[in-house]
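Listed below, chain by chain, are the residues.
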Amino acid sequence: MLNQNLHVKNDPAENFRKDVLEGLKSNPKRLSSKYFYDKKGDRLFQEIMAMPEYYLTKCELDIFKNKTAELAQLIIPENEPFDLIELGVGDAMKSTFLLQYLVEKEMDFTYMPIDISGNILSILKDKLSTQLPALQIIGLEGEYFEMLQKAASLSSRKKVILFLGSNIGNMSLEEAEDFCFNLNKNLSSGDVVLMGFDLKKNPQLILDAYNDKAGVTAAFNLNLLSRINRELNGNFKLDQFQHYETYDPESGACKSYLVSRMNQNVQIANENFVFEENELIDMEISQKFSAEKIRELGMKSGFKAIGEIKDSKKWFVDTAWQVK
């Protein structure tokens, strides 16, 4: 039996330093949204998910809470042991409904949540150990593909991958194609992926979800500057940057920026960065998809579509792909 308390990690601190410095040396400057999730960032995102404007979590929760058996039938291999691997697990609020269903059905599986936030994995392990004491869990702290390779080295069982919350939308379309292609190459024939996609809809609904009047999303973005100050000896002055959100309904790209309010210099890890007034830091993209674009993405990546489940409003879809 696999060790329930096993926790595997790489060196996230060095990856953070390297990615921040490279991103701020690029033109335009950019920071990766995957680093939003330190302890405060985790808490702020919980607040975002609870906001009335933020429909995404509610839509996918509708699927996992009310269509659990249908989900399991779609993605889980019959009478075969498997590993359920969740990429970018967060608090596992949605997937916990599926985990509970599988435990109750006495399915032979191990849950392997992957996240770059050790804090989230520790909290999740404590929570699930209490809620589902029979669950076998191995936390994998690090980058997705490195940890997928680690999971393959720990177990040769069939893999079922969860990539929820429209996390695929946090990439440009070109990056999403590369990601899905590499995901396919890191899996074996017969493995299954369940991927969440936020569908195109009324543009104002989308913009409001990322530009709330209470300013929680702005605080979430600005918190990454605080993290850089704390962990990389930076000296960002948060009040000298402004959150700005835009949505293009034709391309489906919803983008977050931080705008420098003035000419300024920022020191990070003994390096100097010059910001001009009104200069942008590209913080996050939240891509919205058409059904045609989802089909195209799966085909280009070498997957076979095996089904999909939408929420009751048909604003969000979880699509199941299988490795050929």
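It should be noted that the structure appears before, not after, this text.
Residues numbered from 1 in each chain as written. Predicted model: local features only at pLDDT ≥ 70, side-chain atom pairs only at ≥ 80, totals over all residues. Heavy atoms only, no water.

*Asks:* What should I look at first to understand the overall build of the protein in this one?
*Replies:* Of the regular secondary structure elements, the protein holds 11 helices and 15 strands. On C-alpha atoms alone, the protein measures out to a radius of gyration of 20 Å, which is about the 20 Å that the 2.2 N^0.38 rule sets for 324 residues. Dimensions of the protein, computed from C-alpha atoms along their principal axes, come out at roughly 65 × 40 × 35 Å. Looking at the 324 residues of the protein, the share that counts as buried comes to 51%. Considering only contacts in the protein between residues 6 or more positions apart, those separated by 24 or more positions represent 75%. Per element, the accessible surface of the protein, about 15000 Å² overall, is 48% carbon and sulfur. Looking at charge distribution, the protein has the averaged site of its 39 positive side-chain charges lying 1 Å from that of its 48 negative ones. (Helix = DSSP H or I, 4+ residues; strand = E, 2+ residues; numbered from the N terminus. Rg over C-alpha atoms; globule rule 2.2 N^0.38 Å. Buried < 20%, exposed > 50% of the residue type's maximum accessible area, 1.4 Å probe, protein only. Contact = heavy atoms within 4.5 Å. Areas by Shrake-Rupley, 256 points an atom, 1.4 Å probe, with all protein chains shown as cover. Lys, Arg positive; Asp, Glu negative; His and termini not counted. Charge placed at Lys NZ, Arg CZ, Asp CG, Glu CD.)

*Asks:* Sorry, what's going on with the packing of aromatic side chains here?
*Replies:* Aromatic ring pairs are described here by two measures, namely the spacing of the ring centres and the angle between the planes. In the structure shown here, the tally under the stated rule is 20 aromatic pairs. Taking the centre distance of 5.0 Å and the plane angle of 80° together, the rings of F197 and F289 count as edge-to-face. Taken as a pair, F197 in strand β8 (residues 192-198) and F289 in the loop between β13 (280-287) and α11 (291-300) lie far apart in primary sequence, 92 residues in all. Residue classification places F197 among the buried positions, given a relative accessible area of 0%. When its relative accessible area of 2% is taken as the criterion, F289 is described as buried. Ring centres of F303 and W321 lie 5.2 Å apart, and the angle between their planes is 25°; this geometry places the pair in the stacked category. Taken together, the residues span a long stretch of sequence, with F303 in strand β14 (residues 303-310) and W321 in strand β15 (residues 316-323) at a distance of 18 residues. Judged on exposure class, the residue F303 and its partner W321 are both buried. Connected via pairs of aromatic rings, a cluster forms that spans F36, Y37, F45, Y54, Y210 and F220. Over the ring of F16 we find R227, and its NZ or CZ is 4.2 Å from the ring centre. (Phe/Tyr/Trp six-rings, centres within 6.5 Å; stacked < 30°, edge-to-face > 60°. Lys NZ or Arg CZ within 6 Å of the ring centre and 35° of its normal.)

*Asks:* How should the pairing of strand β3 (residues 82-87) be read in this particular structure?
*Replies:* As a general feature of sheets, a regular strand has side chains that alternate between the two faces. Among the six residues of β3, six are classified as buried, and the element is accordingly described as predominantly covered. Across the two faces of β3 the burial is the same, with F82, L84 and E86 and D83, I85 and L87 all buried. Pairing of β3 with strand β4 (residues 109-115), which is carried by six bridges, proceeds in the parallel orientation. Pairing of I85 across the sheet is with M112, part of β4. For the crossover that starts at β3, traverses helix α5 (residues 95-104) and ends in the parallel β4, the hand is right-handed. Pairing analysis gives five bridges linking β3 to strand β7 (residues 158-163), with the strands arranged parallel. (Pairing = 2+ DSSP bridges. Right-handed = clockwise from strand over helix to strand, strands pointing away.)

*Asks:* Before we go on, may I ask you to explain the packing of helix α4 (residues 68-75) against α5 in this structure?
*Replies:* The geometry of a pair of packed helices is captured by two quantities: the angle between their axes and the separation between those axes. Viewed as axis vectors pointing N to C, α4 and α5 meet at an angle of 75°, and their least axial separation amounts to 10 Å. When the axes of α4 and α5 are compared, the pair comes out roughly perpendicular. For the pair α4 and α5, contact is made by T68, A69, A72 and I75 and by F97, L98, Y101 and L102, respectively. Class assignment for the residues of the contact of α4 with α5 results in seven nonpolar, one polar and no charged. (Axes fitted to C-alpha atoms, helices over the stretch in contact; angles between N-to-C directions. Parallel < 35°, antiparallel > 145°, perpendicular 65-115°, else oblique. Nonpolar A, V, L, I, M, F, W, Y, C, P; charged D, E, K, R; others polar.)

*Asks:* How should I be thinking about the sheet that holds strand β2 (residues 29-30) in this particular structure?
*Replies:* Whether parallel or antiparallel, the strands of a sheet pair through hydrogen bonds between backbone atoms. Taken together, the four strands give an open sheet; going across it, the order is β2-β13-β10-β9, and neighbouring strands pair in mixed fashion. The outermost strands of the open sheet, each flanked by one partner alone, are β2 and β9 (241-248). Here seven bridges tie strand β10 (residues 253-260) to β13, and the two strands are oriented antiparallel to one another. Pairing of K255 across the sheet is with I285, part of β13. Where helix α10 (residues 216-231) meets the sheet, its contacts fall on β9, β10 and β13, and the angle it forms with β9 comes to roughly 125°.

*Asks:* Explain the packing of helix α3 (residues 55-66) against α5 here, please?
*Replies:* Orientation of α3 relative to α5, taken along the N-to-C sense of each, is 10°, at an axis distance of 8 Å. Relative to α5, α3 is oriented roughly parallel. Here α3 contributes L61, F64 and K65 to the contact with α5, which in turn contributes S95, F97 and L98. When grouped by side-chain class, the residues that make up the contact of α3 with α5 number four nonpolar, one polar and one charged.

Honestly, that's just the spatial picture; any functional story needs more than this.
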